[in-house]
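# Observations on chain architecture
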Amino acid sequence: PEAPAAKASNVKVLTCAGLIIGSLMVYAYLQEKIMTRPYYPEGSKEEGDAVYFKYTLFLVFNNRIIAAVVSAVILAARGELLVRSPNAAPLYKFVLVSLSNVIATSCQYEALKWVSFPTQTLFKCGKMIPVMIWGTAMGIGKYGYMDYVTAACVSLGCWVFLVSGPTKTSRAAEDSVTGIVLMVAYLAFDGFTSTFQQKLFKNHKMSIYVQTFWVNLISSFVSMSGLLVSGSIPEILKFIKLYPRILPEATMLSMSAVSGQFAITYTIKDLGALVYATVMTVRQFLSVLVSNVVFGHHLTVLQWFGVVVVFGALLYKAYVKATASSKE
């Protein structure tokens, strides 16, 4: 029989995995629904009345302000909200992270106007490639043979997926390089965000909640500034009035993103990056599977082969690292 400690550990892993997969599956579903499915006025289903949501910065602002509020509540409960550690990072570094974070998230949402969710997800799996580039440039990354092999397999799988079937979303008239360019931009900025945050933790002693609060608070100001400069706030309010369904969907999108982020933070802190990487890989594969069924993407056989190559490489990498850790 299993020891009580082992049973407790298994329960913790399953609980964290369930929270991450559950939260981010809801997030993925709502993200695709909001960005790719038409909205109709109350009581109408006429094709001519269909309107698509296009205000991606509103979604970014909504996500960030809710995350900032939740982080503030946690810091207040810990008695750290108004306490600034002498080792905390200067605000301008948080500004850099926030700017890149807002740009990356905006590119991610915008891309769904042109490419399908499975295409977006496979591109996101290639995040390790810009992370390795940024990590080398910032002098904080050391990568081994397995990292480069995995990166090559992920790149191969993405290439097979792109050239062997349709990649456009339902709201796009035809396949477009615009969505691909946006996802490349997402990878570049998101890779910078992750790597620079890692550097902040390495150089400055502060809790995850402090960094989460400041990054999300500044990101809220950045995204709101973008909305004010673009003059789109009156249009957004008009859209909400005509299509009130967007408000609960956008709120649920933000809440699922926040709950998923805190579950990820706890998992990395208590169970390690390997458990997190494995859970996220399974979650992304399930998201592609569910999206294909619910939204009817009809991937080709070769595209599924590309999907298997990408996720197989990521899972094998996690297995190799787990095996190496158990021997140490």
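### Regarding the confidence of the model for the chain
Residues with a pLDDT of 70 or more make up 90% of the chain, whose mean pLDDT is 85. Of all secondary-structure elements in the chain, the lowest mean pLDDT belongs to helix H5 (residues 128-138), at 80, while helix H9 (residues 233-242) reaches the highest, 94.

### Digging into the packing of aromatic side chains
With the rule as written, the count across this model stands at 13 aromatic pairs. Residues Tyr 55 and Phe 239 carry aromatic rings whose centres are separated by 6.3 Å and whose planes lie at 75° to one another, so their mutual orientation is edge-to-face. Separated by 184 residues along the polypeptide, Tyr 55 in the loop between helix H1 (4-36) and helix H2 (56-77) and Phe 239 in helix H9 bring together distant segments of the chain. With a centroid separation of 5.3 Å and 70° between ring planes, the pair formed by Phe 213 and Trp 214 is classed as edge-to-face. The class for Phe 213 is buried, based on a relative accessible area of 11%. On the basis of relative accessible area, Trp 214 is assigned to the partly exposed category, the value being 25%. Of the aromatic side chains, those joined through ring pairs into one cluster are Tyr 39, Phe 53, Tyr 55, Phe 58, Phe 239 and Tyr 243.

### A few points about the nonpolar core
Formed by 32 residues in total, the largest nonpolar core has its most connected members in Ile 34, Phe 53, Phe 58 and Leu 59. Going through the elements one at a time, H1, H2, helix H3 (91-111), H9, helix H10 (246-271) and helix H11 (273-294) are the ones with two or more residues in this core. A total of nine residues in this core trace back to one element, the largest contributor, which is H1. Dropping the residues within four chain positions of it, Ile 34 is found in contact with Tyr 39, Phe 53, Leu 59, Ile 246, Glu 249, Ala 250 and Leu 253. Listed in part, the 20 residues of the second largest apolar core include Ala 89, Phe 94, Val 210 and Val 215.

### Here we look at helix H7 (residues 177-203)
If you check H7, its first and last C-alpha atoms are 39 Å apart, about what 27 residues at 1.5 Å a residue would give, namely 39 Å. For H7, the set of buried residues is Gly 179, Leu 182, Met 183, Tyr 186, Leu 187, Asp 190, Gly 191, Phe 192, Thr 193, Thr 195, Phe 196 and Leu 200. Packed against the buried residues of H7 are H3, helix H4 (117-125), H5 and helix H8 (208-230).

### Points about the pattern of salt bridges
Evaluated as defined, the whole model comprises four salt bridges. Between Glu 249 and Lys 33 there is a salt bridge, with the nearest N and O atoms lying 3.1 Å from each other. In this pair, Glu 249 sits in helix H10 while Lys 33 sits in helix H1, placing the two residues 216 residues apart along the sequence. Using a relative accessible area of 22% as the deciding quantity, one classes Lys 33 as partly exposed. One salt bridge connects Arg 245 with Glu 249, and the closest N-O pair in it is separated by 2.7 Å. Relative accessible area serves as the criterion here: at 35%, Arg 245 is assigned to the partly exposed category. A single salt-bridge network, built from bridges that share partners, covers Lys 33, Arg 245 and Glu 249.

### A few points about a nonpolar patch on the surface
Taken together, Tyr 29, Val 290, Val 293 and Val 294 make up a surface patch of nonpolar side chains, about 350 Å² in accessible area. At three residues, H11 tops the list of elements feeding residues into the nonpolar patch. Within the fold, Tyr 29 resides in helix H1. For Tyr 29, a relative accessible area of 36% corresponds to the partly exposed category.

The rules behind each value
Residues numbered from 1 in each chain as written. Predicted model: local features only at pLDDT ≥ 70, side-chain atom pairs only at ≥ 80, totals over all residues. Heavy atoms only, no water. pLDDT = per-residue confidence, 0-100. Helix = DSSP H or I, 4+ residues; strand = E, 2+ residues; numbered from the N terminus. Phe/Tyr/Trp six-rings, centres within 6.5 Å; stacked < 30°, edge-to-face > 60°. Buried < 20%, exposed > 50% of the residue type's maximum accessible area, 1.4 Å probe, protein only. Core = buried A, V, L, I, M, F, W, Y, C linked by side-chain atoms within 4.5 Å. Contact = heavy atoms within 4.5 Å. Expected span 1.5 Å × (residues − 1). Salt bridge = Lys/Arg side-chain N within 4 Å of Asp/Glu carboxyl O. Patch = residues over 30% accessible without salt bridge, like charges linked within 9 Å, V, L, I, M, F, W, Y side chains within 5 Å. Areas by Shrake-Rupley, 256 points an atom, 1.4 Å probe, with all protein chains shown as cover.

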